[in-house]
Amino acid sequence: MSMNKKTMFTYGGLALFGILGPMLFPQYTLSIAYLWMMVLMASTWDTLGGQMGYNSLGNITFFGVGMYVSAIVQISFFYDGGVGEYTSAMGSIKPEFTAAEYFWGLGLGILAAGIVGLALSLVFSSFMFGLRGPYFAIGSLGLAIAVAEVTITIDYVGGASGISMPLFPGDIEFRSTFFYILCFAFTIVSHFLLRWLYSTQFGLAANAIRDDEDKAEAMGIPTLAYKRIGWAIAAFFMGCIGAVAGNMAGFIDKEVAYPIPTFGIFMVAMALLGGKGTLWGPVLGAIIFHVVKEATWTYLLNLQWVALGLILIINIVYFQQGIMGWLKTKYPELFGIVVDTSNIADDDEKEVAR
Amino acid sequence: MWDNLQLLFVWAPIINVQIILDGIFVGAVFALSAYGLALVWGVMNIKNLAQGDFVIMGGYLAFALHQLQVPLVLILLIVMPLMFIFGWIIYIVMIRRILDQDMFVSLLATFGLSLLLQQVINLIFGPEVQTIDMEMPVYDAFDNMVTVPSSKIITLVLAALIAVAVVVFMKRSRAGQAIRATAQDPRAARVLGIDIDRVYAFTFAFNAALCGAAGVLVSIIWVIQPFYGITYSVRSFAIVTAAGLGNLPAVIGAGFGIGLFEKYTGTILGTAYEVAAPVTILLLVLIYRQFQMRRNRQVVR
């Protein structure tokens, strides 16, 4: 993994911001945690959506499933009555977890969430990858809605009234710092995993699938296996971060676990805003999107959602290339693309001579 | 669930008649919006995820007009042109710019439109569930086991009339011919002097008008709510995926099929599953189509 100076500076700057940000502005700790979460979502969406051309609108499914799985694990491991009793009490039971119990439960819950998300994506890929283009997008959106609707009919996990998560053993500042570190760590791990992955044969195969899947298959690339791996990685990280988000929120129900119109679409919009199919596009898009959203959200009152729809439309209809694409055409030198203008000059001279 | 099955097939089989009738009533409405989607999809290759929100918008326009004491037939005649104009404006502002883009762009852009419409309707009318009460007589049969409000019958007749009008329009009129010619081969149509841009604009606006009509009917026989749109979009996609593009009889058949499926799931499994039902059927259709195509080593595209 070789890096040039510019990349080193970028990483240095981001790391500095990641470490100093919550120290200097403690009141924004959770907001920056959500920023990293969104970077993770957009980046993992891009694995399938940008690099392979399989535009999923249903990655949020794994987020919600991870949330519920971690809740079940955390409660059932250290509460004797079981999950059913806990949820049917509607939050009136507040079991006292010791710190050790809580952190063990959380760790196991996050791990279980990731693994269940991964397994679920493998199940989905057995019947989803025969769909192309819009059918895949609509099908995955359908999956997300169906899973969300089925979840709220299961009384074991609280049905429509939701579950309140175990209380954090510690004061509120330690709590936000702890979850901040979790979000930051997951984002770093996912980013470097994807960075390494794109530099291997996986990246080449993924782009071949995006450009022409039939030809890629004819060249002997096991396309289905690559697509499965791509979705499984996204699903694993979405499951893990879902578990973290559930504990951050403290209470989970359908709206928190399956935010299809918000996070489900945000991650796609952010990847498109930054420029899909690049490593840095989703990161840049997520940062800009989150900063703009946080800065304007409170001033918009009831018009927030209207503004959101407008941003989506304007972004997609008028700026399809994303910021990275725009930069690439505007300043190709930054990306190491050499534009050969000598021929143009020659042609001009010939034109004059004629 | 077992109790419900017994109720249906052992104790009171006559309830089946009620469910089938209800399924037909709602299926007719689904068929209208699905046909609009098939038209836009087939002619200009736009997958309109805001389809359901057009339906809900039509419903709310009808609701607003009903508050002003406008009679039913007039409501339909006012809402359809209004939605037609709205569709034309949407075409000029956004659809024209994404026509030659890849398919996902149209999907996502119309999803943005769908969010926007939901929220604007929510701001204007509030999130309550609304319906138009026509205060018309209700017919019953089999000792009150089966009830049929006359408003539902009127709705069915209206839906049938609109469907017939659409078929005749597409087959006979010059505009209909131009639309079909453009769907077959846009370049040849342009060479023969058809203004493609106007045909596209007309098709999209026509679709909006059809959705508006469906919305009026929905607001009469059912309930409307700003956020119900997505289920209508999903239903339309399920119907079109099952029936194929530009095949009106199949679209109507699939519409009735989905109506029946939903009503039966709602009755047997409980109303909690009524939203999941159209989504499930969409997934089933997509999976079935994949296996169908896999036999010929092909994919659904």
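Everything below is about the structure shown above.
The present account deals with the structure reproduced in this document.

Reading guide: rules and limits
- Position numbers for residues count from 1 along each chain, tracking the sequence in the order it is written.
- The lettering of chains begins at A and the numbering of ligands begins at 1, in the order of writing.
- Reporting in this predicted model follows two pLDDT cut-offs: at least 70 for local features of residues, and 80 or more for side-chain atom pairs to be given and counted; totals over whole chains, interfaces and linings ignore these cut-offs and use all residues.
- A run of DSSP states H or I qualifies as a helix once it reaches four residues; a run of E qualifies as a strand once it reaches two. Both are numbered from the N-terminal end.
- Within these notes, the globule rule equals 2.2 Å times the number of residues to the 0.38 power, and the radius of gyration is based on C-alpha atoms.
- Here, axes are lines fitted to C-alpha atoms. For helices the fit covers the stretch in contact, and angles between N-to-C directions go from 0 to 180 degrees.
- Here roughly perpendicular refers to angles of 65 to 115 degrees, roughly parallel to angles under 35, roughly antiparallel to angles over 145, and oblique to all remaining angles.
- Helix crossings get a hand from a simple test, with the near helix turned counterclockwise from the far one by less than a right angle marking a left-handed crossing and a clockwise turn marking a right-handed one.
- By definition, residue pairs are in contact when their C-beta atoms, positioned from the backbone, come within 7 Å.
- One less than the residue count of a helix, multiplied by 1.5 Å, gives the span that helix is expected to have.
- Exposure is read from a count of other C-beta atoms within 10 Å of each residue's own; the residue is exposed at 12 or fewer, buried at 20 or more and partly exposed in between. C-beta atoms are placed from the backbone.
- Only buried Ala, Val, Leu, Ile, Met, Phe, Trp, Tyr and Cys residues enter a nonpolar core, and they are joined through C-beta atoms within 7 Å.

### Concerning the overall build of chain B
- The helix and strand inventory of chain B stands at 12 helices and two strands.
- For chain B, the sequential pattern of α-helices and β-strands runs α-α-α-α-α-β-β-α-α-α-α-α-α-α.
- A compact globule built from 301 residues would reach a C-alpha radius of gyration of about 19 Å, and chain B, at 20 Å, matches this within 12%.
- Based on the C-alpha atoms only, the size of chain B along its principal axes is roughly 65 × 55 × 40 Å.

### Section: the packing of helix α2 (residues 15-44) of chain B against helix α10 (residues 229-243) of chain B
Residue and element names in this part refer to chain B.
- For the pair α2 and α10, interaxial distance at closest approach is 8 Å and the crossing angle is 65°. As far as their axial angle goes, α10 and α2 are roughly perpendicular. Crossing of α2 against α10: the hand is right-handed. Taking contact as the criterion, the partners of F30, S33, A34, L37, A38 and W41 in α2 are, on α10, Y232, R235, S236, I239 and V240.

### Some points on α10 of chain B
All names here are of chain B.
- Here α10 contains 15 residues, and its C-alpha end-to-end distance of 21 Å stays within 8% of the 21 Å for a straight helix at 1.5 Å per residue.
- Along α10, 15 of the 15 residues are buried, which leaves the element largely enclosed by surrounding structure.
- G244 lies just past α10 and shows a positive phi near 85°.

### Here's the deal with the interface of chain B and chain A
- Each side of the interface is counted separately: chain B has 37 residues, and chain A has 32 residues.
- Residue assignment for the side of chain B that touches chain A shows that the elements contributing at least two residues are α4 (72-98), α5 (103-125), α10 and α12 (276-294) of chain B.
- Looking at the side of chain B that touches chain A element by element, the count peaks at 14 residues for α5 of chain B.

### A short note on the nonpolar core
- Formed by 195 residues in total, the largest nonpolar core has its most connected members in C183, I241, V244 and M270 of chain A together with A213, L217 and I239 of chain B.
- Here the element with the most residues in this core is helix α9 (residues 196-221) of chain B; it accounts for 18 residues.
- Excluding residues that lie within four positions of it along the chain, I239 of chain B makes contacts with F30, A34, V251, A254, G255 and I258 of chain B.

### Thoughts on helix α2 (residues 29-49) of chain A
- The end-to-end C-alpha distance of α2 of chain A is 30 Å, a good match for the 30 Å that 21 residues give at a rise of 1.5 Å each.
- Counting buried positions over the 21 residues of α2 of chain A gives 17, a clear majority of the element.

### Here's the deal with the environment of I311 of chain A
Residues and elements named next belong to chain A.
- Take I311: it is sitting in helix α14 (residues 304-318).
- A tally of 19 C-beta atoms within 10 Å means that I311 is categorised as partly exposed.
- Residues I311 and I145, spaced 166 residues apart in sequence, show a C-alpha to C-alpha distance of 23 Å.

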